[in-house]
Amino acid sequence: MVVGIGIGESFNCWSRDLMTQLVRKGEDGSRNTSPVSRGVGSRNVSPSKQKVIKTKPRGLDEETMAKFAKPPHTDVQMEDDIWAMLPEDLLNEILAWVPPFMIFRLRSVCKRWNSILLDNGFLKFHSQVPSHGPCLLTFWKNSQSQTPQCSVFSLPLKQWYRIPFTFLPQWAIWLVGSSGGLVCFSGLDGSTFKTLICNPLTQTCRILPTMHYNQQRQLTMVVDRKQKSFKIVAANDLYGDRPLPIEVYDSKLNKWSVHQKMPAANLCSSKMAFCDPRLYLETLSPLGLMMYGLDTGYWEHIPAKFPRSLLDGYLISGSKKRLFLVGRVGLYSTLQSMKIWELDHVKATWVEITRMPSKYFRALLRLSAERFECFGQNNLILFTSWNQGKGLLYDVDKKVWSWIAGCALQLYTSQVCFYEPRFDASIY
(Lines give C-alpha, C1' and ligand atoms only; values in the text may rest on other atoms or scores of the structure.)
Protein backbone atom coordinates (compact mmCIF):
# COMPACT_ATOMS: atom_id res chain seq x y z
CA MET A 1 0.00 0.00 0.00
CA VAL A 2 1.42 3.39 -0.99
CA VAL A 3 0.19 6.44 0.89
CA GLY A 4 0.78 9.95 -0.48
CA ILE A 5 1.90 12.32 2.25
CA GLY A 6 0.61 15.38 0.43
CA ILE A 7 3.47 17.78 0.96
CA GLY A 8 2.69 21.41 0.27
CA GLU A 9 -1.08 21.04 0.09
CA SER A 10 -3.39 23.49 1.86
CA PHE A 11 -5.99 22.17 4.20
CA ASN A 12 -9.24 23.39 5.71
CA CYS A 13 -9.45 23.82 9.45
CA TRP A 14 -11.32 21.13 11.22
CA SER A 15 -13.51 21.66 14.28
CA ARG A 16 -12.23 21.69 17.83
CA ASP A 17 -13.12 18.05 18.27
CA LEU A 18 -9.69 16.61 17.27
CA MET A 19 -10.19 13.04 18.42
CA THR A 20 -13.12 10.74 18.85
CA GLN A 21 -14.11 10.84 22.51
CA LEU A 22 -13.69 7.75 24.61
CA VAL A 23 -16.77 6.43 26.41
CA ARG A 24 -17.23 8.73 29.37
CA LYS A 25 -17.93 7.32 32.77
CA GLY A 26 -19.66 9.08 35.61
CA GLU A 27 -18.47 9.15 39.18
CA ASP A 28 -20.50 6.02 39.93
CA GLY A 29 -18.95 4.11 36.99
CA SER A 30 -22.10 4.21 34.78
CA ARG A 31 -22.12 5.49 31.19
CA ASN A 32 -23.02 9.05 30.38
CA THR A 33 -26.49 8.66 28.88
CA SER A 34 -27.23 12.33 28.18
CA PRO A 35 -28.56 13.16 24.69
CA VAL A 36 -25.32 15.03 23.95
CA SER A 37 -23.19 11.89 24.12
CA ARG A 38 -25.57 9.42 22.45
CA GLY A 39 -28.07 9.50 19.67
CA VAL A 40 -31.82 9.65 20.24
CA GLY A 41 -33.33 6.22 20.80
CA SER A 42 -30.07 4.51 21.84
CA ARG A 43 -30.13 2.06 24.74
CA ASN A 44 -28.35 2.56 28.03
CA VAL A 45 -26.12 -0.51 28.22
CA SER A 46 -24.06 -1.22 31.32
CA PRO A 47 -20.29 -1.73 30.82
CA SER A 48 -20.55 -5.38 31.90
CA LYS A 49 -22.89 -6.19 28.99
CA GLN A 50 -20.94 -4.36 26.31
CA LYS A 51 -19.44 -6.45 23.54
CA VAL A 52 -15.65 -6.23 23.60
CA ILE A 53 -13.87 -6.48 20.25
CA LYS A 54 -10.15 -7.15 20.42
CA THR A 55 -8.14 -5.66 17.58
CA LYS A 56 -4.46 -5.68 16.79
CA PRO A 57 -2.94 -2.26 15.95
CA ARG A 58 -1.56 -2.25 12.42
CA GLY A 59 2.20 -2.49 12.17
CA LEU A 60 2.79 -3.48 15.81
CA ASP A 61 4.39 -6.71 16.92
CA GLU A 62 2.96 -8.94 19.62
CA GLU A 63 5.04 -7.42 22.39
CA THR A 64 4.03 -3.89 21.52
CA MET A 65 0.42 -4.95 21.05
CA ALA A 66 0.37 -6.42 24.54
CA LYS A 67 1.41 -3.09 25.99
CA PHE A 68 -1.32 -1.24 24.13
CA ALA A 69 -3.92 -3.87 25.06
CA LYS A 70 -3.86 -2.99 28.76
CA PRO A 71 -7.22 -1.52 29.80
CA PRO A 72 -7.14 2.17 30.70
CA HIS A 73 -7.97 3.38 34.17
CA THR A 74 -11.71 3.80 34.58
CA ASP A 75 -11.34 7.15 36.34
CA VAL A 76 -9.54 8.85 33.39
CA GLN A 77 -11.68 11.18 31.28
CA MET A 78 -10.71 12.83 27.99
CA GLU A 79 -11.93 16.42 28.16
CA ASP A 80 -12.05 18.32 24.87
CA ASP A 81 -11.48 21.71 26.47
CA ILE A 82 -8.28 20.55 28.15
CA TRP A 83 -6.75 18.89 25.08
CA ALA A 84 -7.67 21.82 22.83
CA MET A 85 -5.78 24.33 25.01
CA LEU A 86 -2.41 22.63 25.50
CA PRO A 87 0.57 24.98 25.94
CA GLU A 88 2.51 25.60 22.75
CA ASP A 89 5.75 23.99 23.95
CA LEU A 90 3.96 20.91 25.31
CA LEU A 91 2.07 20.45 22.02
CA ASN A 92 5.32 20.72 20.04
CA GLU A 93 6.98 18.15 22.27
CA ILE A 94 4.09 15.71 21.80
CA LEU A 95 4.03 16.15 18.02
CA ALA A 96 7.82 15.69 17.86
CA TRP A 97 7.34 12.04 18.90
CA VAL A 98 4.86 11.38 16.09
CA PRO A 99 6.39 9.43 13.15
CA PRO A 100 7.42 11.94 10.45
CA PHE A 101 5.10 10.50 7.79
CA MET A 102 2.12 10.84 10.14
CA ILE A 103 2.82 14.55 10.63
CA PHE A 104 1.51 15.28 7.14
CA ARG A 105 -1.82 13.69 8.01
CA LEU A 106 -2.02 15.74 11.21
CA ARG A 107 -1.42 18.95 9.27
CA SER A 108 -4.96 18.67 7.95
CA VAL A 109 -6.36 19.19 11.47
CA CYS A 110 -6.09 22.99 11.51
CA LYS A 111 -4.04 25.94 10.26
CA ARG A 112 -1.90 25.88 13.37
CA TRP A 113 -0.80 22.30 12.71
CA ASN A 114 -0.49 22.92 8.99
CA SER A 115 2.40 25.32 9.66
CA ILE A 116 4.06 23.05 12.25
CA LEU A 117 7.09 22.40 10.00
CA LEU A 118 7.94 26.11 10.12
CA ASP A 119 7.82 26.21 13.92
CA ASN A 120 11.32 26.43 15.43
CA GLY A 121 9.98 25.06 18.71
CA PHE A 122 8.75 21.89 17.00
CA LEU A 123 12.04 21.45 15.09
CA LYS A 124 13.96 21.85 18.35
CA PHE A 125 12.04 19.04 20.05
CA HIS A 126 12.14 16.93 16.86
CA SER A 127 15.95 17.10 16.80
CA GLN A 128 16.08 15.70 20.35
CA VAL A 129 13.85 12.63 19.91
CA PRO A 130 15.26 9.28 18.73
CA SER A 131 15.19 8.36 15.08
CA HIS A 132 11.94 7.06 13.58
CA GLY A 133 13.87 4.00 12.48
CA PRO A 134 15.37 2.79 9.21
CA CYS A 135 13.52 3.32 5.95
CA LEU A 136 14.16 2.36 2.34
CA LEU A 137 14.06 5.12 -0.25
CA THR A 138 13.54 4.16 -3.89
CA PHE A 139 14.05 6.62 -6.72
CA TRP A 140 13.17 6.30 -10.40
CA LYS A 141 11.91 8.33 -13.32
CA ASN A 142 8.61 7.92 -15.09
CA SER A 143 9.22 6.10 -18.37
CA GLN A 144 7.00 8.50 -20.35
CA SER A 145 7.27 11.91 -18.71
CA GLN A 146 10.72 11.35 -17.13
CA THR A 147 9.36 12.92 -13.94
CA PRO A 148 11.34 11.96 -10.80
CA GLN A 149 9.41 9.58 -8.55
CA CYS A 150 10.13 8.51 -4.98
CA SER A 151 8.64 6.04 -2.51
CA VAL A 152 9.78 5.37 1.05
CA PHE A 153 9.18 2.13 2.92
CA SER A 154 9.09 2.51 6.70
CA LEU A 155 10.47 -0.62 8.37
CA PRO A 156 8.89 0.22 11.77
CA LEU A 157 5.45 0.94 10.26
CA LYS A 158 5.65 -1.71 7.47
CA GLN A 159 4.14 0.70 4.95
CA TRP A 160 5.06 2.52 1.73
CA TYR A 161 4.75 6.30 1.38
CA ARG A 162 4.92 8.33 -1.83
CA ILE A 163 6.97 11.55 -1.73
CA PRO A 164 6.87 14.07 -4.61
CA PHE A 165 10.30 14.80 -6.10
CA THR A 166 9.29 17.48 -8.59
CA PHE A 167 11.70 19.96 -6.97
CA LEU A 168 14.72 18.19 -8.53
CA PRO A 169 16.32 19.73 -11.65
CA GLN A 170 15.69 18.13 -15.02
CA TRP A 171 19.12 16.52 -15.36
CA ALA A 172 20.27 13.02 -16.02
CA ILE A 173 20.65 12.30 -12.30
CA TRP A 174 21.18 9.20 -10.23
CA LEU A 175 20.94 8.43 -6.54
CA VAL A 176 24.19 8.49 -4.54
CA GLY A 177 23.00 7.73 -1.01
CA SER A 178 21.52 9.14 2.16
CA SER A 179 22.65 10.03 5.67
CA GLY A 180 21.06 11.83 8.61
CA GLY A 181 17.88 12.78 6.75
CA LEU A 182 19.63 14.18 3.67
CA VAL A 183 19.72 12.54 0.24
CA CYS A 184 22.56 13.05 -2.24
CA PHE A 185 22.22 12.97 -6.03
CA SER A 186 24.75 13.49 -8.81
CA GLY A 187 24.23 14.08 -12.49
CA LEU A 188 25.21 15.82 -15.67
CA ASP A 189 23.98 19.31 -16.45
CA GLY A 190 25.00 19.29 -20.09
CA SER A 191 28.65 18.24 -19.89
CA THR A 192 29.22 19.45 -16.32
CA PHE A 193 29.21 16.92 -13.48
CA LYS A 194 27.26 18.30 -10.51
CA THR A 195 26.19 17.20 -7.05
CA LEU A 196 23.07 18.21 -5.15
CA ILE A 197 21.71 17.70 -1.65
CA CYS A 198 18.03 17.62 -0.67
CA ASN A 199 15.70 16.91 2.22
CA PRO A 200 12.68 15.02 0.82
CA LEU A 201 10.45 15.86 3.80
CA THR A 202 10.97 19.62 3.66
CA GLN A 203 11.20 19.63 -0.17
CA THR A 204 14.40 21.68 -0.09
CA CYS A 205 17.29 21.23 -2.52
CA ARG A 206 20.69 22.80 -3.10
CA ILE A 207 23.26 22.40 -5.87
CA LEU A 208 26.82 22.18 -4.52
CA PRO A 209 29.81 24.02 -6.01
CA THR A 210 31.59 22.35 -8.89
CA MET A 211 34.52 20.05 -8.11
CA HIS A 212 38.06 20.84 -9.14
CA TYR A 213 38.05 17.83 -11.51
CA ASN A 214 34.99 17.79 -13.76
CA GLN A 215 34.60 14.01 -13.95
CA GLN A 216 31.88 11.58 -12.96
CA ARG A 217 33.04 10.38 -9.57
CA GLN A 218 32.15 7.76 -6.99
CA LEU A 219 30.56 9.65 -4.10
CA THR A 220 29.63 8.92 -0.52
CA MET A 221 28.08 11.16 2.12
CA VAL A 222 28.09 11.35 5.92
CA VAL A 223 26.10 13.71 8.19
CA ASP A 224 27.28 14.91 11.60
CA ARG A 225 24.10 15.78 13.51
CA LYS A 226 25.97 17.15 16.52
CA GLN A 227 27.93 19.60 14.40
CA LYS A 228 24.94 20.18 12.09
CA SER A 229 27.11 19.62 9.06
CA PHE A 230 27.81 17.06 6.35
CA LYS A 231 30.68 15.91 4.17
CA ILE A 232 30.76 14.37 0.71
CA VAL A 233 33.76 12.34 -0.37
CA ALA A 234 34.55 11.98 -4.09
CA ALA A 235 36.84 9.06 -4.87
CA ASN A 236 38.08 7.83 -8.23
CA ASP A 237 36.61 8.22 -11.70
CA LEU A 238 33.22 6.50 -12.03
CA TYR A 239 34.50 4.09 -14.69
CA GLY A 240 37.82 3.45 -12.93
CA ASP A 241 40.00 4.22 -15.96
CA ARG A 242 41.61 7.30 -14.48
CA PRO A 243 42.93 7.76 -10.92
CA LEU A 244 41.94 11.13 -9.48
CA PRO A 245 42.77 12.90 -6.22
CA ILE A 246 40.28 12.55 -3.40
CA GLU A 247 38.00 15.56 -3.05
CA VAL A 248 36.02 16.33 0.11
CA TYR A 249 33.14 18.79 0.38
CA ASP A 250 32.59 20.40 3.80
CA SER A 251 29.21 22.08 4.31
CA LYS A 252 30.66 24.44 6.92
CA LEU A 253 33.21 25.77 4.43
CA ASN A 254 30.92 25.35 1.39
CA LYS A 255 33.80 24.23 -0.82
CA TRP A 256 35.69 21.20 -2.10
CA SER A 257 39.21 20.48 -0.87
CA VAL A 258 41.69 18.38 -2.87
CA HIS A 259 43.47 15.53 -1.09
CA GLN A 260 46.09 12.99 -2.09
CA LYS A 261 45.76 10.72 -5.11
CA MET A 262 45.49 7.02 -4.33
CA PRO A 263 48.79 5.25 -5.09
CA ALA A 264 47.13 2.02 -6.27
CA ALA A 265 47.48 1.25 -9.99
CA ASN A 266 44.20 -0.62 -10.48
CA LEU A 267 40.97 0.12 -8.62
CA CYS A 268 37.81 -1.99 -8.57
CA SER A 269 34.86 0.22 -9.47
CA SER A 270 31.90 0.55 -7.10
CA LYS A 271 33.83 -1.05 -4.24
CA MET A 272 33.93 1.73 -1.68
CA ALA A 273 32.74 2.29 1.90
CA PHE A 274 33.12 5.22 4.27
CA CYS A 275 33.50 4.68 8.03
CA ASP A 276 34.07 8.20 9.27
CA PRO A 277 36.83 9.36 9.12
CA ARG A 278 38.18 6.48 7.00
CA LEU A 279 37.50 5.72 3.36
CA TYR A 280 37.98 2.10 2.26
CA LEU A 281 38.42 1.00 -1.37
CA GLU A 282 38.95 -2.44 -2.88
CA THR A 283 42.05 -2.74 -5.04
CA LEU A 284 43.59 -5.37 -7.28
CA SER A 285 47.06 -3.85 -7.35
CA PRO A 286 48.13 -4.15 -4.61
CA LEU A 287 45.61 -6.83 -3.72
CA GLY A 288 43.50 -5.95 -0.70
CA LEU A 289 42.19 -2.67 0.69
CA MET A 290 43.35 0.90 0.56
CA MET A 291 42.35 3.12 3.44
CA TYR A 292 42.44 6.90 3.37
CA GLY A 293 42.19 8.85 6.62
CA LEU A 294 40.45 12.17 6.19
CA ASP A 295 41.85 13.26 9.54
CA THR A 296 45.46 12.31 8.73
CA GLY A 297 45.49 12.89 4.98
CA TYR A 298 47.46 9.69 4.28
CA TRP A 299 46.83 6.46 2.39
CA GLU A 300 47.45 3.07 3.99
CA HIS A 301 47.46 -0.41 2.42
CA ILE A 302 45.60 -3.09 4.42
CA PRO A 303 46.86 -6.57 3.38
CA ALA A 304 43.53 -8.31 3.99
CA LYS A 305 43.28 -11.19 1.50
CA PHE A 306 39.91 -11.70 -0.10
CA PRO A 307 38.10 -15.00 0.65
CA ARG A 308 38.73 -17.85 -1.76
CA SER A 309 36.37 -18.29 -4.73
CA LEU A 310 34.91 -14.80 -4.25
CA LEU A 311 33.00 -14.00 -7.47
CA ASP A 312 31.81 -10.48 -6.70
CA GLY A 313 31.63 -8.45 -3.53
CA TYR A 314 30.55 -5.19 -1.95
CA LEU A 315 32.06 -3.20 0.90
CA ILE A 316 29.42 -2.24 3.47
CA SER A 317 30.01 0.23 6.30
CA GLY A 318 28.34 -0.65 9.61
CA SER A 319 27.92 1.15 12.89
CA LYS A 320 30.80 1.66 15.35
CA LYS A 321 33.50 1.55 12.63
CA ARG A 322 32.51 -1.96 11.50
CA LEU A 323 33.32 -2.90 7.89
CA PHE A 324 31.62 -5.80 6.08
CA LEU A 325 32.32 -7.62 2.84
CA VAL A 326 29.34 -9.19 1.06
CA GLY A 327 29.69 -11.42 -1.97
CA ARG A 328 29.00 -14.64 -3.85
CA VAL A 329 31.39 -17.55 -3.59
CA GLY A 330 31.70 -20.72 -5.68
CA LEU A 331 32.76 -21.94 -9.08
CA TYR A 332 29.57 -23.46 -10.47
CA SER A 333 25.93 -22.48 -10.21
CA THR A 334 25.11 -25.46 -7.99
CA LEU A 335 27.89 -24.58 -5.55
CA GLN A 336 27.27 -20.85 -5.26
CA SER A 337 26.25 -19.15 -2.04
CA MET A 338 26.26 -15.69 -0.46
CA LYS A 339 28.43 -14.90 2.54
CA ILE A 340 29.09 -11.93 4.81
CA TRP A 341 32.49 -11.25 6.36
CA GLU A 342 33.68 -8.64 8.85
CA LEU A 343 37.12 -7.07 8.81
CA ASP A 344 39.32 -7.78 11.83
CA HIS A 345 41.22 -4.50 11.99
CA VAL A 346 43.87 -5.92 14.32
CA LYS A 347 44.71 -9.07 12.33
CA ALA A 348 43.85 -7.53 8.93
CA THR A 349 41.74 -10.55 7.96
CA TRP A 350 38.16 -11.16 6.86
CA VAL A 351 36.15 -13.21 9.36
CA GLU A 352 32.99 -14.95 8.14
CA ILE A 353 29.97 -14.04 10.26
CA THR A 354 27.10 -15.65 8.33
CA ARG A 355 26.00 -17.42 5.16
CA MET A 356 22.73 -16.70 3.37
CA PRO A 357 20.36 -19.69 3.74
CA SER A 358 20.01 -21.62 0.50
CA LYS A 359 16.26 -21.00 0.22
CA TYR A 360 16.81 -17.24 0.25
CA PHE A 361 19.75 -17.47 -2.14
CA ARG A 362 17.76 -19.49 -4.70
CA ALA A 363 14.81 -17.10 -4.45
CA LEU A 364 17.04 -14.01 -4.80
CA LEU A 365 19.24 -15.23 -7.66
CA ARG A 366 17.56 -17.76 -9.92
CA LEU A 367 20.44 -17.76 -12.44
CA SER A 368 24.12 -18.14 -11.64
CA ALA A 369 25.08 -15.10 -13.71
CA GLU A 370 22.26 -12.91 -12.43
CA ARG A 371 23.32 -9.53 -11.10
CA PHE A 372 22.51 -8.33 -7.62
CA GLU A 373 22.93 -5.09 -5.69
CA CYS A 374 23.83 -4.74 -2.04
CA PHE A 375 24.03 -1.81 0.35
CA GLY A 376 23.80 -1.27 4.08
CA GLN A 377 23.51 1.13 6.98
CA ASN A 378 23.67 0.74 10.77
CA ASN A 379 24.32 -3.01 10.56
CA LEU A 380 21.38 -3.57 8.19
CA ILE A 381 22.18 -5.08 4.78
CA LEU A 382 19.72 -5.17 1.88
CA PHE A 383 20.01 -7.41 -1.19
CA THR A 384 18.13 -6.64 -4.39
CA SER A 385 18.02 -8.41 -7.75
CA TRP A 386 16.94 -7.02 -11.10
CA ASN A 387 14.48 -9.84 -11.70
CA GLN A 388 12.85 -9.70 -8.28
CA GLY A 389 10.04 -7.46 -7.03
CA LYS A 390 11.26 -7.64 -3.46
CA GLY A 391 14.37 -7.14 -1.39
CA LEU A 392 16.04 -9.36 1.18
CA LEU A 393 17.02 -7.66 4.44
CA TYR A 394 19.55 -9.01 6.92
CA ASP A 395 19.92 -7.61 10.45
CA VAL A 396 23.51 -8.24 11.56
CA ASP A 397 22.76 -7.63 15.24
CA LYS A 398 19.59 -9.75 15.42
CA LYS A 399 20.83 -12.29 12.82
CA VAL A 400 17.43 -12.27 11.10
CA TRP A 401 16.58 -12.57 7.38
CA SER A 402 13.32 -11.07 6.07
CA TRP A 403 11.70 -10.20 2.74
CA ILE A 404 10.53 -6.69 1.86
CA ALA A 405 7.94 -6.54 -0.88
CA GLY A 406 6.53 -3.47 -2.60
CA CYS A 407 5.74 -1.89 -5.94
CA ALA A 408 8.73 0.44 -5.82
CA LEU A 409 11.23 -2.43 -5.86
CA GLN A 410 9.71 -3.98 -8.97
CA LEU A 411 11.03 -1.35 -11.35
CA TYR A 412 14.05 -2.17 -13.45
CA THR A 413 15.38 1.41 -13.30
CA SER A 414 14.77 2.04 -9.60
CA GLN A 415 17.63 2.98 -7.28
CA VAL A 416 17.45 2.15 -3.58
CA CYS A 417 19.20 3.31 -0.42
CA PHE A 418 18.58 3.42 3.31
CA TYR A 419 16.99 6.63 4.54
CA GLU A 420 16.34 8.28 7.91
CA PRO A 421 13.42 10.76 7.70
CA ARG A 422 14.14 13.96 9.64
CA PHE A 423 12.61 17.43 9.46
CA ASP A 424 15.59 19.09 11.18
CA ALA A 425 18.18 17.98 8.58
CA SER A 426 19.48 21.16 6.94
CA ILE A 427 20.90 21.32 3.41
CA TYR A 428 23.28 24.13 4.46
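Scroll up for the structure.
As a convention, each chain's residues are numbered from 1 in the sequence order in which they are written. Only residues with pLDDT of at least 70 get local features here, since the model is predicted, and only at 80 or more are side-chain atom pairs given and counted; chain-wide, interface and lining totals rely on the full set of residues. As a rule here, side-chain values cover all heavy atoms of the structure and leave hydrogens and water aside.

## Observations concerning the environment of Ala425
Next, step 1: Relative to the helices and strands, Ala425 resides in the segment after β25 (415–419).
Next, step 2: Note on definitions: a residue-residue contact is assigned when non-hydrogen atoms from the two residues lie within 4.5 Å. Dropping the residues within four chain positions of it, Ala425 is found in contact with Gly180, Gly181, Leu182 and Asn199. Numbering of helices and strands runs from the N terminus, with a helix taken as a DSSP run of H or I at least four residues long and a strand as a DSSP run of E at least two residues long.

## Comments concerning the pairing of strand β7 (residues 192–199)
Two faces make up the sheet, and in a regular strand the side chains alternate between them.
Next, step 1: Buried means the residue's accessible area, taken with a 1.4 Å probe over protein chains only, is under 20% of the maximum for its type, while exposed means over 50%, and partly exposed covers the values in between. Within β7, six of the eight residues are buried, which leaves it mostly tucked inside the rest of the structure.
Next, step 2: One ladder, built from seven bridges, connects strand β6 (residues 182–189) with β7; its direction is antiparallel. The residue bridging Leu188 from the neighbouring strand is Phe193, located in β7.
Next, step 3: A pair of strands is considered paired only if DSSP assigns at least 2 bridges between the two. The antiparallel hairpin formed by β6 and β7 contains two residues in its connecting segment, where Gly190 sits at a positive phi of about 75 degrees.
Next, step 4: Summarising the sheet, β7 and strand β8 (residues 204–207) pair through four bridges and their orientation is antiparallel. Of the residues in β8, the one forming a bridge with Cys198 is Cys205.
Next, step 5: Count of turn residues in the β7/β8 antiparallel hairpin: four residues, of which Gln203 carries a positive phi of about 60 degrees.

## Some thoughts on the packing of aromatic side chains
One pair of aromatic rings is described through two measures. These are the centre distance and the angle between the planes.
Next, step 1: The aromatic pairing rule takes the rings of Phe, Tyr and Trp, using the six-membered ring of Trp, and pairs them if the centres are within 6.5 Å, calling planes under 30 degrees apart stacked, those over 60 edge-to-face and the rest tilted. In this structure the tally under the stated criterion is 18 aromatic pairs.
Next, step 2: Centre to centre, the rings of Phe375 and Phe418 are 5.5 Å apart; their planes meet at 70 degrees, and the pair counts as edge-to-face. One end of the pair, Phe375, is in strand β21 (residues 372–377); the other, Phe418, is in strand β25, with 43 residues separating them in the sequence.
Next, step 3: Residue Phe418 is classed as buried on the basis of its relative accessible area, which comes to 3%.
Next, step 4: One aromatic cluster is present, formed by Tyr360, Phe383, Tyr394, Trp401 and Trp403 through successive ring pairs.

## Points about a nonpolar patch on the surface
Next, step 1: Patches here: salt-bridge-free residues with over 30% relative accessible area, like charges joined within 9 Å, nonpolar side chains (Val, Leu, Ile, Met, Phe, Trp, Tyr) joined within 5 Å. We get accessible surface area from the Shrake-Rupley algorithm with a probe of 1.4 Å; when it comes to residues, only the shown protein chains can shield them. In what follows, salt bridge is the name for a side-chain nitrogen of Lys or Arg lying within 4 Å of a carboxyl oxygen of Asp or Glu. On the surface, Ile82, Trp83, Leu90 and Ile94 cluster together to form a nonpolar patch covering roughly 370 Å² of accessible area.
Next, step 2: By secondary structure assignment, the location of Ile94 is in helix α3 (residues 88–96).
Next, step 3: Judged by its relative accessible area of 40%, Ile94 is partly exposed.

## Considerations on the sheet that holds strand β17 (residues 310–317)
Next, step 1: Pairing within the open sheet is antiparallel, and its four strands lie in the order β17-β18-β19-β20. Strands with a single pairing partner mark the edges of an open sheet, and in this sheet they are β17 and β20 (349–355). Neighbouring strand axes in the sheet, compared pairwise and without regard to direction, differ in orientation by 30 degrees on average.
Next, step 2: Note that β17 and strand β18 (residues 323–329) share seven bridges and pair antiparallel. Counterpart to Ser317 in the pairing with β18 is Leu323. To define axes, lines are fitted to C-alpha atoms, for helices over the stretch in contact only, and angles between the resulting N-to-C directions are given on a 0 to 180 degree scale.

## A closer look at the pattern of salt bridges
Next, step 1: Scanning the model with the defined rule gives nine salt bridges in all.
Next, step 2: Residue Arg112 pairs with Glu88 through a salt bridge whose shortest N-O separation is 2.6 Å. Remark: Glu88 occurs in helix α3 and Arg112 occurs in helix α5 (residues 111–114); sequence separation between them is 24 residues.
Next, step 3: When its relative accessible area of 34% is taken as the criterion, Arg112 is described as partly exposed.
Next, step 4: For Glu247, the salt bridge goes to Arg217, with nearest N and O atoms at 3.3 Å. Taken together, the residues span a long stretch of sequence, with Glu247 in strand β11 (residues 245–250) and Arg217 in strand β9 (residues 217–224) at a distance of 30 residues.
Next, step 5: For Glu247, a relative accessible area of 0% gives the class buried.
Next, step 6: One network of salt bridges, with partners in common, ties together Arg225, Glu420, Arg422 and Asp424.

## Details of the nonpolar core
Next, step 1: The set of buried Ala, Val, Leu, Ile, Met, Phe, Trp, Tyr and Cys residues whose side-chain atoms join them within 4.5 Å is what this entry labels a nonpolar core. Phe122, Leu137, Phe139, Val152 and Phe185 are the most contacted members of the largest nonpolar core, which has 35 residues in total.
Next, step 2: Not counting chain neighbours up to four residues away, the residues in contact with Phe122 comprise Asn92, Leu95, Ala96, Ile103, Ile116, Leu117 and Phe423.
Next, step 3: In terms of nonpolar packing, the next biggest core, distinct from the first, is built from 19 residues, Ile340, Leu365, Cys374 and Leu392 among them.

## Overview of the sheet that holds β8
Next, step 1: Taken in spatial order, the four strands of this open sheet run β5-β6-β7-β8, and their pairing is antiparallel. Only two strands of the sheet have a single neighbouring strand rather than two, namely β5 (172–179) and β8. With strand direction ignored, the average angle separating the axes of adjacent strands in the sheet is 25 degrees.

## Some thoughts on the environment of Asp424
Next, step 1: With respect to the element layout, Asp424 can be found in the segment after β25.
Next, step 2: The class for Asp424 is partly exposed, based on a relative accessible area of 25%.
Next, step 3: C-alpha separation for the pair Asp424 and Leu123, spaced 301 residues apart in sequence, amounts to 5.8 Å.
Next, step 4: With residues up to four places along the chain from it excluded, the contact list for Asp424 reads Leu123, His126, Ser127 and Arg225.
Next, step 5: At a separation of 2.9 Å, a polar atom in the side chain of Asp424 contacts the side chain of Arg422. Within 3.5 Å is the distance limit for a polar contact, defined as a pair of N or O atoms, with the added protein rule that one can donate a hydrogen and the other accept it, and that residues adjacent in sequence qualify only through two side-chain atoms.

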